[in-house]
Amino acid sequence: MAERTNSVNARAGSKRSKVMKEPREVTSLDLAGPTEAAASPSPDTARAIKLPPYETIALMLQGGGALGAYQGGVYQGLNEAGIHPNWIAGISIGALNTAIIAGNAPENRVPRLLEFWETICQPAFMPPLPAFVEHAFFNSTDEIRKAFTAMQAASALVEGQKGFFVPRFPPPSPLAAGDPATASSYDTRPLKATLEQLCDFDRINSRETRVSVGAVNVATGNFAYFDNTRMKLRAEHFMASGALPPGFAAVEIDGEYFWDGGLMSNTPLYEIAQATPRRDTLAFQVDLWSAKGPVPDSIVDVMGRVKDVQYSSRTRLVTDTMQRSQRFRNVLREVLEKVPVDVRNSDPWCKAAEELACSKRYNVIHLIYRHKEFEGHYKDYQFGLSTMQEHWASGLTDIRGTLGHRDWLDMPQNDSGFITHDIHRDGR
């Protein structure tokens, strides 16, 4: 098996050298402003962390638009600690980050992620502001920062983002029927070109890392996962996972159309926790919407808080459901151990229980982006470079703090075989 994997990687590598340029090195200049202090490795995570013998190390990336830069910081922290997931699953912007990570060699992943985010955080047509001017506005008073970021969000709506999406011209008629692939306010063909430039799909499909991205079938309303263990993935599969209507059109794949997976479920946890055969799993779940937040006192703040509750509540529901389910399976396994072997082998109910029982352990590490006071309801489509850098720095700080609690990485020893940790909940 090792020889086969090496030969696959060698063939994929020969193609990569022809189609992909080398990513530039990440330096403190790349992470100017709020993330400058985060550019050097943390003393606590500079050395590789030795993990317990988990069979699956999963990275789960939630949707959240421009907030997705937080996931880049989280991945940088995992990478500097020598933690390399063997299963990456994403939804929406999390699917795009998944493509960048899985589509590059480990040593190139952080530079590629940064290149991706620095690209899509520029206006589609107008030249970006000089860095020092943007930083001056961003690091000014809260009132100036709010006005500046609101202007950047408005720019995204009016002209789109470089390498990501642009407005359709002429705009689509609200009533005229046409191609489902153009029934949207924006054209995402620039995103396809960006993914194909920054990702090596031969590497993704070599299965050296398992990749899953979630989307919704527009015609049936059913949730679907595109998985490289079951199909050959292309840029369109990742774009489908992030095709949020009515801004982005449904993406056609093999004669069917798909929308953003976040319409139904914004976390891939269910897909990973229910996978068979079951495995001892360490899962880093990176959420971009916080269930906890201030009670809004204005209509504008209400709009932002609605998004937090709408998208984070699904994550909590799935996590709680998975924890209860695994406890039942674990308890059933313990009960079966008390039944005589001859009865377990002959009784049909015992045989059925054997199929349901499970003693595998699941450790879910939550990394949850926390809403900033200056952010508006537009935070998921405010693609400013300074904001991106601050999101990235927040993710890097959170994962470094999380990995500082080495005992959190231990396998669960409780009666459910399922445990969760959150730096903002447990690390206070």
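Everything below is about the structure shown above.
In this text, all values refer to a predicted model and were calculated from it rather than measured experimentally.

Cut-offs used in this document
Residues numbered from 1 in each chain as written. Predicted model: local features only at pLDDT ≥ 70, side-chain atom pairs only at ≥ 80, totals over all residues. Heavy atoms only, no water. Pairing = 2+ DSSP bridges. Helix = DSSP H or I, 4+ residues; strand = E, 2+ residues; numbered from the N terminus. Core = buried A, V, L, I, M, F, W, Y, C linked by side-chain atoms within 4.5 Å. Buried < 20%, exposed > 50% of the residue type's maximum accessible area, 1.4 Å probe, protein only. Contact = heavy atoms within 4.5 Å. Polar contact = N/O pair within 3.5 Å; in protein donor to acceptor, adjacent residues only side chain to side chain. Axes fitted to C-alpha atoms, helices over the stretch in contact; angles between N-to-C directions. Parallel < 35°, antiparallel > 145°, perpendicular 65-115°, else oblique. Left-handed = near helix turned anticlockwise from the far one by under 90°. Nonpolar A, V, L, I, M, F, W, Y, C, P; charged D, E, K, R; others polar.

(A) A look at the pairing of strand β6 (residues 223–227). Two elements, strand β5 (residues 210–217) and β6, share five bridges in a ladder whose sense is antiparallel. Bridging from a neighbouring strand, Val-216 pairs with Phe-223 of β6. Between β5 and the antiparallel strand that follows it, β6, lie five residues; Gly-221 among them carries a positive phi value of about 75°.

(B) Seen up close, the nonpolar core. The biggest cluster of nonpolar side chains holds 72 residues, and the ones touching the most others in it are Leu-59, Trp-117, Leu-195, Phe-238, Phe-284 and Leu-403. Here the element with the most residues in this core is helix α3 (residues 93–102); it accounts for seven residues. In contact with Trp-117, other than residues within four places in its own chain, are Gly-65, Ala-66, Gly-68, Ala-69, Ile-93, Asn-97, Phe-383, Met-388 and Trp-392. Grouped together as the second largest cluster of nonpolar side chains are 14 residues, Trp-87, Ile-272, Met-322 and Phe-418 included.

(C) Local environment of the side chain of Ser-312. In this structure, Ser-312 sits in helix α11 (residues 299–336). Relative accessible area serves as the criterion here: at 3%, Ser-312 is assigned to the buried category. Looking at Ser-312, its side chain comes within polar contact range of the main-chain nitrogen of Ala-291, at 3.4 Å. A distance of 2.5 Å separates a polar atom in the side chain of Ser-312 from the backbone oxygen of Asp-308.

(D) Geometry of the packing of helix α4 (residues 109–120) against helix α7 (residues 189–198). One way to put it is that α4 packs onto α7 with a least axis distance of 11 Å and a crossing angle of 160°. Classified by the angle between their axes, α4 and α7 sit roughly antiparallel to one another. The crossing of α4 and α7 is right-handed. Counting all contacts with α4, which are made through Arg-112, Glu-115 and Phe-116, the residues of α7 involved are Leu-191, Thr-194, Gln-197 and Leu-198. Its residues assigned to classes, the contact of α4 with α7 comprises three nonpolar, two polar and two charged.

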